[in-house]
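Spelled out, the chains give:
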Amino acid sequence: VGVVQAEFKAGDAAQQWKLVKSGEFFRVVHVKTGKAVEVPEAAEDATPLALSAGKDAGDRQLWKLTKGDKGYLLTSKATDKVWDINEVSADDGAK
């Protein structure tokens, strides 16, 4: 199961995430399932992020938060690449 964009629904646990501190980095954990966002093994540019119940993914589940102009950048410790919405899509289901 991958991470996709969806229309905001107030109070929907499927859209809630918590940041769990791990040294100077964070794990991004889905509130409803307890699964963490990770970069899949052998990921290339535009590879969709995955959810994983495992905690053995090491750096693939660690993210650095950097304050930007209008929010935060999430940068993978494993790949040094940031979260991005495919082709700046506003559509539900965009990866």
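Residues numbered from 1 in each chain as written. Predicted model: local features only at pLDDT ≥ 70, side-chain atom pairs only at ≥ 80, totals over all residues. Heavy atoms only, no water.

Details of the pattern of salt bridges
Selection criterion: The salt bridge criterion pairs a side-chain nitrogen of Lys or Arg with a carboxyl oxygen of Asp or Glu, the two atoms within 4 Å. The numbering of helices and of strands both runs from the N terminus, where a helix is a DSSP run of H or I of at least 4 residues and a strand a run of E of at least 2.
Going through the model one piece at a time under the given rule, you end up with three salt bridges. Glu 38 serves as the salt-bridge partner of Arg 60, at 2.9 Å between the closest nitrogen and oxygen. Separated by 22 residues along the polypeptide, Arg 60 in the loop between strand E4 (50-52) and strand E5 (63-67) and Glu 38 in strand E3 (residues 36-38) bring together distant segments of the chain. Several salt bridges converge on common partners, so that one network encompasses Glu 38, Glu 41 and Arg 60.

Remarks on the confidence of the model for the protein
Rule in force here: One number per residue, pLDDT, summarises how confident the predictor is, and it ranges from 0 to 100.
Of the residues in the protein, 81% have a pLDDT of 70 or more, and the chain-wide mean is 81. Within the protein, the lowest mean pLDDT, 82, falls on E4, and the highest, 94, falls on E5.

Observations regarding the environment of Lys 64
Rules: Only protein chains enter the accessibility calculation, which uses a 1.4 Å probe. A residue is then buried if its area is under 20% of the maximum for its type, exposed if over 50%, and partly exposed in between. Contacts are assigned to residue pairs with any non-hydrogen atoms lying within 4.5 Å of each other.
Looking at where Lys 64 falls in the secondary structure, it is placed in strand E5. Given a relative accessible area of 39%, Lys 64 falls into the partly exposed group. Sequence separation between Lys 64 and Asp 80 is 16 residues; the distance between their C-alpha atoms is 9.1 Å. With near-sequence residues (within four places) excluded, Lys 64 lies in contact with Phe 25, Leu 73, Leu 74 and Thr 75.

Describing the pairing of strand E2 (residues 25-30)
Inclusion rule: Two strands form a pair only when DSSP identifies at least two bridges running between them.
Counting buried positions over the six residues of E2 gives six, a clear majority of the element. When strand E1 (residues 17-22) meets E2, the two strands line up antiparallel, connected through six bridges. Within E2, the position partnered with Val 20 by the bridge is Arg 27. Between E1 and E2, which pair antiparallel and follow one another directly, the connecting turn spans two residues, one of which, Gly 23, has a positive phi of 65°.

Thoughts on the side chain of Ser 76
Formally: Two N or O atoms form a polar contact when they lie within 3.5 Å of each other; inside protein one atom must be a possible hydrogen donor and the other a possible acceptor, and for residues adjacent in sequence the pair counts only when both atoms belong to side chains.
In this structure, Ser 76 sits in strand E6 (residues 72-76). Polar contacts involving the side chain of Ser 76 include one to the main-chain amide nitrogen of Thr 79, which spans 3.1 Å. Sequence-distant contacts of Ser 76, that is, excluding residues within four places in its chain, are made with Val 39, Asp 59, Leu 62, Trp 63 and Lys 81.

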